[in-house]
Structure formats: C-alpha cells, structure tokens
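Residues per chain, in single letters:
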Amino acid sequence: MSDQQDIKLSEVFEQDSKVTLDENARLSFAKQVLFWLILLCVAVFIAHGVYPDNKGVSDVFEFIKIGALPLVTLVVSFYFPNSK
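Residues numbered from 1 in each chain as written. Predicted model: local features only at pLDDT ≥ 70, side-chain atom pairs only at ≥ 80, totals over all residues. Heavy atoms only, no water.

**Student:** Report on the pattern of salt bridges, specifying residues and quantitative values.
**Tutor:** Oppositely charged side chains may form a pair once their charged atoms are brought near each other. One pass over the full model with this rule turns up two salt bridges. Asp-59 is the partner of Lys-55 in a salt bridge, and the nearest nitrogen-oxygen pair spans 3.2 Å. Here the residue Lys-55 and the residue Asp-59 both occupy positions in helix H3 (residues 55-79), the gap between them amounting to four residues, near one helical turn. Judged by relative accessible area, which is 59%, Lys-55 ranks as exposed. Given a relative accessible area of 42%, Asp-59 falls into the partly exposed group. Note that Lys-65 and Glu-62 form a salt bridge whose closest N and O atoms lie 3.2 Å from each other. With a gap of three residues between them, Lys-65 and Glu-62 both fall in helix H3, about one helical turn apart. Judged by relative accessible area, which is 34%, Glu-62 ranks as partly exposed. (Salt bridge = Lys/Arg side-chain N within 4 Å of Asp/Glu carboxyl O. Helix = DSSP H or I, 4+ residues; strand = E, 2+ residues; numbered from the N terminus. Buried < 20%, exposed > 50% of the residue type's maximum accessible area, 1.4 Å probe, protein only.)

**Student:** Could you give an account of a nonpolar patch on the surface, with specific residues and numbers?
**Tutor:** A surface patch of nonpolar side chains, amounting to about 490 Å² of accessible area, comprises Ile-38, Val-42, Ile-46, Val-50 and Tyr-51. Residue placement: Val-50 occurs in helix H2 (residues 23-50). For Val-50, a relative accessible area of 51% gives the class exposed. (Patch = residues over 30% accessible without salt bridge, like charges linked within 9 Å, V, L, I, M, F, W, Y side chains within 5 Å. Areas by Shrake-Rupley, 256 points an atom, 1.4 Å probe, with all protein chains shown as cover.)

**Student:** An account of the confidence of the model for the protein is needed here, citing residue identities and associated values.
**Tutor:** Counting all residues, the mean pLDDT for the protein is 80, and 81% of those residues have values of 70 or more. Ranking the helices and strands of the protein by mean pLDDT puts H2 first, with 86, and helix H1 (residues 9-12) last, with 70. (pLDDT = per-residue confidence, 0-100.)

And the structure:
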C-alpha cells in the first residue's frame, strides 16, 4: 500500500487569498465562450444540412438544439443584462 496523507487546504493556501477576475477579463472570457459555442452550433447546423440522414449528426444536432442554444442565451443574459 502507498502512504496517503490528507492535505489541508488551509496550510496550502492563505486564508484571505481570493481568486478574482476584473471586469475586462470576465467579459473577454464570456466573448470567447460565446464565440466557440456559436462556431460549434453553426458547424453542426451546416453538417445537419449536408448530411440530414446521418444518425450521428442528427443526434448531435438535437443535443445542440436542446442544450447549447439555451446555454448561449444564458451566458448572454448574464453578461449583458437589461440596463434599465
């Protein structure tokens, strides 16, 4: 058997250390996530148009349609809320 030791996070990290991202970094990250999600969605939509009888492409198309598009709207609404 190997010797296993518990690691106490309080000894590894300082108590008052916090990981923070400034607004520009969060916005940049959101833009990157949206870009790759939209690129993936467009690629799957094109593949579904070219190969509509392919079962695998149809399954991925349904997954994107049901899962990824609501995720994109969630990210957009979180990072770009109504400013009223």
